[in-house]
Amino acid sequence: MTHILVAVAWPYANGPRHIGHIAGFAVPSDIFARYQRMKGNQVLMVSGTDEHGTPILVQAQKEGLSPQALSLKYHEVITEDLKDLGMSYDIFTRTSTLTHEKAVQELFSSSLENGYITLGEQKVAISPLSGRTLPDRYIEGTCPFCGAKDARGDQCDECGKELDPTDLINPRSKIDGSVPIFTSKEHYFLDLPALKPYLEKWLEGCKGWRGPVMAFAKALLKDAKPRAITRDIDWGVPLPPGPFAADPNKRFYVWFDALVGYLSSSLEWAKREGKEEEWEKWWKVDAESYYFMGKDNITFHTEIWPAILMASSGVKPEDKPSSFGKLNLPTQVVASGFMTMKGAKFSSSRGVVVYLRDLLKTCQPDAIRYFIAACGPEKEDSDFSFEEMERKINGELVASWGNLVNRVCTLIYRNFGKIPSPDHLDEGGEALLSSTLKGFEEVGSLIEKNSLHEALSKIMRLAGEANRYLSDAEPWKAEEPQKSRILFAAAQAVSDLNVMLSPFLPFSSPKVFSFLGLPSSPSLPKVRKVEEEGEEWSEICGPYEAEKWERHPVAPSYPVPEPHALFRKFEAKNEA
Ligand SMILES: [Zn+2]
């Protein structure tokens, strides 16, 4: 039994979630977490909304709301989105809690004391029209590395390189198109060059990462430069006592604060449980941690967050750890590609978008999850289309799995009203159950490697094998005792496959167990109301019970209920 932290990327609280978001961070992390619980490991799955920084300010201005009101509004929307997708967070909180603020300040202060945060001059961009500071992401220009025309001042999405606005060729303001004026201001910097040898050593020891993610992480470190972690902005976590504490217009840069969310949400969870020290079990000694995100976030999780953890925990004998003690570095950074539509990135502003909320109106959450697990941008980008979604859902989930469950359970119910009691199994039944039994090991090791495409196709191959067994053995024509033999084997095969599908299909798998007269523990997320300083919000929470990842033997003579269809067909033509 291992303590496993499942750390899921924090969505910006500036709008509802679209299918590109949930394909990158959400569904893959939830399948992994659910599987690990089934294996008997202690999972803590944490995340929340990222509520600071310019994206929030810009959207708030658009909607005529205060940044606080806007982030609360979208926190509630996103919480509902993710709950309805069945995301089994132990806590889904926000970056605007007091626990979060204190954790950010504490990691900053200890990193400063250990000498890994320094003061320095940062070139900042000023808009010549408004005279105001222009945030990095609102400056566009040509990428000096790959020549992409619309690189942002913080990062080039094309080649993934981190940038400073001053790196851009032909910089211009995204807001008014003006050419920014650069001046120097004093800011705090995270001293990445000082931590570089330790980061390299850590990466060397990491195992099981996706090849491109590791290659990218190593390449990033080669040109590590100090990075400013404060900004001239009035919306963000305030600085603790020090040179800028009195300046309300200097705050932590949003990514410095958001990354600390993994820790602060764990602290917040422990507080809710009434066991304040409990979080340590997922952050120290033998615990493992898996971080899930889209590939645009690799830099923050393979370089910046480990650097913050090292700086605040200490790497040299003379360094002193923060009040949290020495914290674990990520075991694995599981970054996925992008889901695109007709080859372009999803973009709410350009109208290239499929919102999760809209999709949930016509498509069952398990069907959405199935499609993403089968076709999502696991190792490389994948292109979304409603037609492909229809093919996958109707052709595999409904026609293969749903049909198998329905055929077997209906035949058993109509013929016996209970699980049959065969004298023994026939040869075909023995072979089928030997395949499905082996499936636990094979499918399990694929999920452990986050190879969900392969895991799912393995399960669907086994479902095909079970369907063939039925077609060949024809239980609807067979006489006793052969009829009982066939349907008993088929029932056990359905149960085996249903266990393997549980992490993928949390809404329908408890129903399948009930059709087979087996107990099941539904494990869907709940939402509770939380209040702090007069503001109330919703928080996704557990606890979650998990089936064991092993054969659940169906019980001869156990009565079964009348089954009903599990899945609806998905019609691409209804979506537009
Ligand atoms: Zn580039």
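These numbers were taken from a predicted model, which means no experiment stands behind them.

A. Up close: the overall build of the protein. When you go through the protein residue by residue, the secondary structure sums to 15 helices and 19 strands. In the protein, which comprises 576 residues, the share counted as buried stands at 59%. Residue pairs at least 24 apart in sequence account for 77% of intrachain contacts in the protein once pairs closer than 6 positions are excluded. When the accessible surface of the protein is summed, it comes to about 23,200 Å², and 51% of that surface belongs to carbon and sulfur atoms. Side-chain charges in the protein split into 67 positive and 80 negative, and the spacing between the mean points of these groups amounts to 2 Å.

B. Broad picture of the packing of aromatic side chains. Overall, the coordinates contain 22 aromatic pairs when judged by the stated rule. Ring geometry for F32 versus F292: centroids 5.4 Å apart, planes at 50 degrees, classification tilted. One end of the pair, F32, is in helix α1 (residues 19-38); the other, F292, is in strand β13 (residues 288-294), with 260 residues separating them in the sequence. The burial state of F32 is the same as that of F292; both residues are buried. Pairing W279 with F324 gives two aromatic rings, centres 5.8 Å apart and planes at 90 degrees, and the pair type is edge-to-face.

C. A look at the sheet that holds strand β2 (residues 42-49). Pairing is mixed across the open sheet formed by seven strands, whose spatial order is β14-β13-β1-β2-β3-β19-β18. Looking at which strands have only one partner, the edges of the open sheet turn out to be β14 (332-336) and β18 (526-532). When the angles between neighbouring strand axes are averaged without regard to direction, this sheet yields 25 degrees. Strand direction decides the pairing type here: strand β1 (residues 3-8) and β13, joined by five bridges, are parallel. What sits directly across from I4, in β13, is E288. The sheet contacts of helix α7 (residues 254-273) involve β1, β2, β3 (91-94), β13, β18 and β19 (535-541), and relative to β2 the element is tilted by about 115 degrees.

D. Spotlight on the coordination of the zinc ion. Protein coordination at the zinc ion comes from C143 (SG), C146 (SG), C156 (SG) and C159 (SG), with a distance range of 2.3 Å. With four donor atoms in place around the zinc ion and angles of 105 to 116 degrees between them, the coordination shape is tetrahedral. Binding-site remark: the zinc ion is held by donors from one chain whose sequence spacing is C-x2-C-x9-C-x2-C. A relative accessible area of 2% places C143 in the buried class. Under the relative-accessibility criterion, C146 is labelled partly exposed at 37%.

E. Highlighting the packing of helix α12 (residues 427-448) against helix α14 (residues 482-501). The interhelical angle for the contact between α12 and α14, taken along N-to-C directions, is 10 degrees, at an axis separation of 9 Å. Here α12 is positioned roughly parallel relative to α14, judged by the angle of their axes. Note on element contacts: α14 touches α12 through A489, Q492, A493, D496, L497, V499 and M500, opposite G429, L432, L433, T436, L437, G439, F440 and V443. The class makeup of the residues in the contact of α12 with α14 is 10 nonpolar, four polar and one charged.

F. Spotlight on the nonpolar core. Ranked by internal contacts, the top residues of the largest apolar core, which has 163 residues, are W283, W401 and F504. In this structure, A125, A148, C156 and L168 belong to the second largest nonpolar core, which totals nine residues.

G. Here's a closer look at the pairing of β14. With five of five residues buried, β14 is to be regarded as a mostly interior element. Of the two faces of β14, the one carrying Q332, V334 and S336 and the one carrying V333 and A335 are both buried. Bridging between β13 and β14 involves five bridges; their strand directions are parallel. Residue pairing in the sheet places Y291 in a bridge with V333 of β14. The β-α-β motif built from β13, the intervening helix α8 (residues 298-313) and the parallel element β14 has right-handed crossover chirality.

H. The arrangement of helix α3 (residues 67-84) in detail. For α3, built from 18 residues, the straight-helix expectation of 26 Å at 1.5 Å per residue is met to within 8% by its first-to-last C-alpha distance of 26 Å. When we look at burial in α3, the residues that qualify are L70, S71, Y74, H75, I78, T79, D81 and L82. Down the axis of α3, the sector holding all buried residues measures 160 degrees, keeping them to one side.

I. How the structure looks around unusual backbone geometry. E480 connects to P481 through a cis peptide bond whose omega is 5 degrees. Note on placement: P481 falls in the loop between α13 (452-473) and α14. The omega angle of the peptide bond from G542 to P543 is 0 degrees, so this bond is cis rather than trans. Counting through the fold element by element, P543 comes out in the segment after β19. Its identity as a non-glycine residue notwithstanding, N170 has a phi of 55 degrees, on the positive side. Note that N170 resides in strand β8 (residues 169-173). Positive phi, normally seen in glycine, also occurs at N450, with a value near 55 degrees. Assignment of secondary structure puts N450 in the loop between α12 and α13.

J. Expanded view of the pairing of strand β6 (residues 139-142). The pairing of β6 with β8 spans three bridges and is antiparallel. Looking at β8, one finds that E140 is bridged to R172. Sheet topology note: the β6/strand β7 (residues 151-152) ladder contains two bridges and is antiparallel. The partner of G141 across the bridge, within β7, is A151.

K. Inspection of the sheet that holds strand β17 (residues 382-384) at higher detail. Strand order in the open sheet formed by three strands is β16-β15-β17, and the pairing between neighbours is mixed. Both outer strands of the open sheet, β16 (344-345) and β17, are each paired with one neighbouring strand and no more. Both strand β15 (residues 339-341) and β16 contribute to a ladder of two bridges, which runs antiparallel. Paired with T340 across the two strands is K345, which belongs to β16.

Criteria and thresholds
- Residues numbered from 1 in each chain as written.
- Predicted model: local features only at pLDDT ≥ 70, side-chain atom pairs only at ≥ 80, totals over all residues.
- Heavy atoms only, no water.
- Helix = DSSP H or I, 4+ residues; strand = E, 2+ residues; numbered from the N terminus.
- Buried < 20%, exposed > 50% of the residue type's maximum accessible area, 1.4 Å probe, protein only.
- Contact = heavy atoms within 4.5 Å.
- Areas by Shrake-Rupley, 256 points an atom, 1.4 Å probe, with all protein chains shown as cover.
- Lys, Arg positive; Asp, Glu negative; His and termini not counted.
- Charge placed at Lys NZ, Arg CZ, Asp CG, Glu CD.
- Phe/Tyr/Trp six-rings, centres within 6.5 Å; stacked < 30°, edge-to-face > 60°.
- Pairing = 2+ DSSP bridges.
- Axes fitted to C-alpha atoms, helices over the stretch in contact; angles between N-to-C directions.
- Donors = N, O, S within 2.8 Å, 3.2 Å for Na, K, Ca; no water.
- Tetrahedral: all angles 85-135°; square planar, octahedral: opposite > 155°, others 65-115°.
- Parallel < 35°, antiparallel > 145°, perpendicular 65-115°, else oblique.
- Nonpolar A, V, L, I, M, F, W, Y, C, P; charged D, E, K, R; others polar.
- Core = buried A, V, L, I, M, F, W, Y, C linked by side-chain atoms within 4.5 Å.
- Right-handed = clockwise from strand over helix to strand, strands pointing away.
- Expected span 1.5 Å × (residues − 1).
- Arc of directions from axis to C-beta.

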